[in-house]
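The primary structure of each chain is shown beneath.
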Amino acid sequence: MSRPEPPPVLPEGVDPAWLPPEVFRPLGRRRTLVRGHGPLVDTAHGEVAAACARFGGEVVRDARAAAPYDLVLDVTDAPDLGDEGFTCVRRDGTTTVTAAGGRGLLYGLFHVVRLGEDAFGSERPLETHRPAVALRALDHWDNVAVHPVMGQVERGYAGGSLFWRDGEARGETERVRAYGRLLAACGINAVTVNNVNVHATEARLLTDRIGEVAALADALRPYGIRTHLSVTFAAPVVLGGLPTADPLDEGVRRWWAATAARVYEVIGDFGGFVVKADSEGQPGPFTYGRTHADGANMLAAALAPHGGTVRWRAFVYNHRQDWRDRSTDRARAAYDHFAPLDGEFAENAVLQVKHGPVDFQAREPVSPVLGALPRTRLALEVQATQEYTGQQRHVCWLGPMWSEVLRFRPDGEDGGPGVGDLAGGLVAVSNVGDDPFWTGHPLAQANLYTVGRLGWRPDTDPHDLLDEWIRLTFPAGASADPGRLREGLRAVLHGSWRTYEKYTAPLGVGFMVQPGHHYGPSVDGYEYSPWGTYHFADRDGIGVDRTAATGTGYAAQYAKPWAELYESVRTCPDELLLFFHHVPYGHVLHSGTTVIQHIYDTHFAGVAEVEEARRVWDSLADLVAPARHERVAERYEEQLRCAREWRDQINSYFFRKSGVPDARGRHIH
Ligand code: GCW
């Protein structure tokens, strides 16, 4: 029986984010026909029904008669649209969304919601929408039990986990459903429900606690979201009681095959496994003298009969390096480990690659791994949770950064596809928790929204996506002066990533954060540590020589056009100079200023930009709901305090090291 699946009821006090009721007004005032079968069609039907109940329209299911409908949502046989694509056209007073299945129909419905009244105005030519990237996932680094150091959510800045609390499943189905709904509305189709660092409690989700994962999958499924699970490579030993986890051992392979089969018994559409192996203490195939292809392929084989995928992370490096050892370069590690394995991975194995070669810094070059494995399926991993970009206390909209990565062409600017075409997956580490605003900082919702939409259209101008987010989150009808509000939001968000970059670590050098929690400045915090993240500042200069000629050779991991560009100080882009080169403080940048003066200038400018953003935000007080306005205003105080701390520590450090005064005579401590 086809019947509407009612949308989730948002728990009291939880922010509707980009789906406030008002955005459904244009839809809810009209006559709609929904045609098709299946649970996701029921979800779309339920959305329209709820909108009509609120705003006065009418929805009909599966009627044959060609009555005059304002909107027709239709599932028909349209194989070229795939599972998720849809078309949208407006002709003779009717807007028609056509899809080949329920998923596509749901995405088409949210497209109509985004269009608002424009969906029902003048005629619209036929548009076809298909997601460019097939897997658009959020990985939650959520622990089931509270970890003594990392807490409930590793690198989480939005409260606790939506899924787990103190070792138990929270069982808050409506909230998880509401989450799935928000994700569907920005185009995300997969969620991993536990941390890639799989501790003892979390490991059991794979076996005796799989029912708790199934409950989450049930809540997310009506919005087209498939559930994935992080698993430990040592599972056959720690859960199965086997003496080994060797991927070539027959007993081990049988254990994984049987375990995967049991997962699919309870979660028929289970997405697959995510694995962090031989990385930061997690177990992996190296223990058995096997390669990462051996490891990944064993899990791929267990999942293949059920249509699942293993996402294998490329984040493998030596985290116990001796800082005196200048021959080891952490930036090289992923490429050195994985490029030689190209062609060896199974068809349902995906290599999941962080966007930069080190670790989610505010500025890194694009990882050379993304261009080095043409015969391997790839997913790009970005960090929506702002571990290194202000921890959701600072405004830092990352759309432009992610867009640069997705548009990067590994074969050179003039040739070959971009990362957005090469990667079949776009995975963001989630920035969501049980905070009433979902993301802690209300403006961090923009990052979540943007990453989902970029998965559909990686080459789109991210500023357009930000405008979409603004239009939905702050509907014009709900504000006294929508124009001023929109301008204000743009002003505080557009340049916020570059502002953050200015007042933190300079010119791509990265890692000047406080050890452990990674918030706030500590210039030498990681300088003599085992983590492999050094800047090598001395009295004469700063930066890491990663050239092929005199350095670690990292620059040669790129295809020729990029390798040549990065190899030479003369052509290396300013913003990456210190990532690739060690230069004297007096080195003159393309911008015409010296490295040391650039450091001073950007740090003063960065703080001034935060002051200005805070002023703009204050000026919006009459246009933004008080709770939201206050939350952001509070965080601006902290951002400003922290930005000043960065400015003063960085500037003082380099003034003391170099002895070079600020050419503009500003006060440095
Ligand atoms: O950025 C680092 C984080 C770790 C994280 C690791 C990873 C989940 O500091 O907390 O572990 O990356 O990506 O695996």
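Quantities reported herein were computed from a predicted structural model and do not represent experimental measurements.

Attention now moves to the side chain of Ser658. Topologically, Ser658 is positioned in helix H20 (residues 626-658). Residue Ser658 is classed as buried on the basis of its relative accessible area of 17%. At 2.7 Å, the side chain of Ser658 and the backbone oxygen of Phe654 are in polar contact. A polar side-chain atom of Ser658 sits 3.1 Å from the main-chain amide nitrogen of Val660.

Attention now goes to the environment of Leu135. Mapped onto the elements of the fold, Leu135 is located in strand E7 (residues 135-139). Remark: the alpha-carbon pair of Leu135 and Gly425, spanning 290 residues in sequence, is separated by 4.4 Å. Other than its neighbours up to four places away in sequence, Leu135 contacts Asn189, Ala190, His228, Arg311, Gly424, Gly425, Leu426 and Val427.

You'll often see interface size given as the accessible area lost when the parts meet. Domain annotation for the protein reports domain 1 (21-129), domain 2 (135-321 + 329-473) and domain 3 (501-544 + 582-658). Its C-alpha centre places domain 1 at a distance of 47 Å from the equivalent point of domain 3.

The end-to-end C-alpha separation of helix H13 (residues 445-456) is 18 Å, in line with the 16 Å expected for 12 residues at 1.5 Å each. Counted residue by residue, H13 has 12 buried out of 12 residues, so it is predominantly covered. Along H13, the residues classified as buried are Gln445, Ala446, Asn447, Leu448, Tyr449, Thr450, Val451, Gly452, Arg453, Leu454, Gly455 and Trp456.

This part takes up the environment of Leu472. In this structure, Leu472 sits in helix H14 (residues 462-473). By relative accessible area, which is 6% here, Leu472 ends up buried. Measuring from C-alpha to C-alpha, the distance between Leu472 and Val113 comes to 8.7 Å, with 359 residues separating the pair along the chain. When near neighbours in sequence (up to four residues on either side) are disregarded, Leu472 contacts Trp18, Pro20, Val23, Val113, Arg114 and Tyr449.

Attention shifts here to unusual backbone geometry. The residue Ala17 is not glycine, and still its phi comes out positive at about 50°. As for its position among the elements, Ala17 is in the segment before helix H1 (25-28). Exposure remark for Ala17: the relative accessible area of 2% places this residue in the buried category. Its identity as a non-glycine residue notwithstanding, Asp166 has a phi of 50°, on the positive side.

Rules of the game
- Residues numbered from 1 in each chain as written.
- Predicted model: local features only at pLDDT ≥ 70, side-chain atom pairs only at ≥ 80, totals over all residues.
- Heavy atoms only, no water.
- Helix = DSSP H or I, 4+ residues; strand = E, 2+ residues; numbered from the N terminus.
- Buried < 20%, exposed > 50% of the residue type's maximum accessible area, 1.4 Å probe, protein only.
- Polar contact = N/O pair within 3.5 Å; in protein donor to acceptor, adjacent residues only side chain to side chain.
- Contact = heavy atoms within 4.5 Å.
- Domains from an automatic or database assignment.
- Expected span 1.5 Å × (residues − 1).

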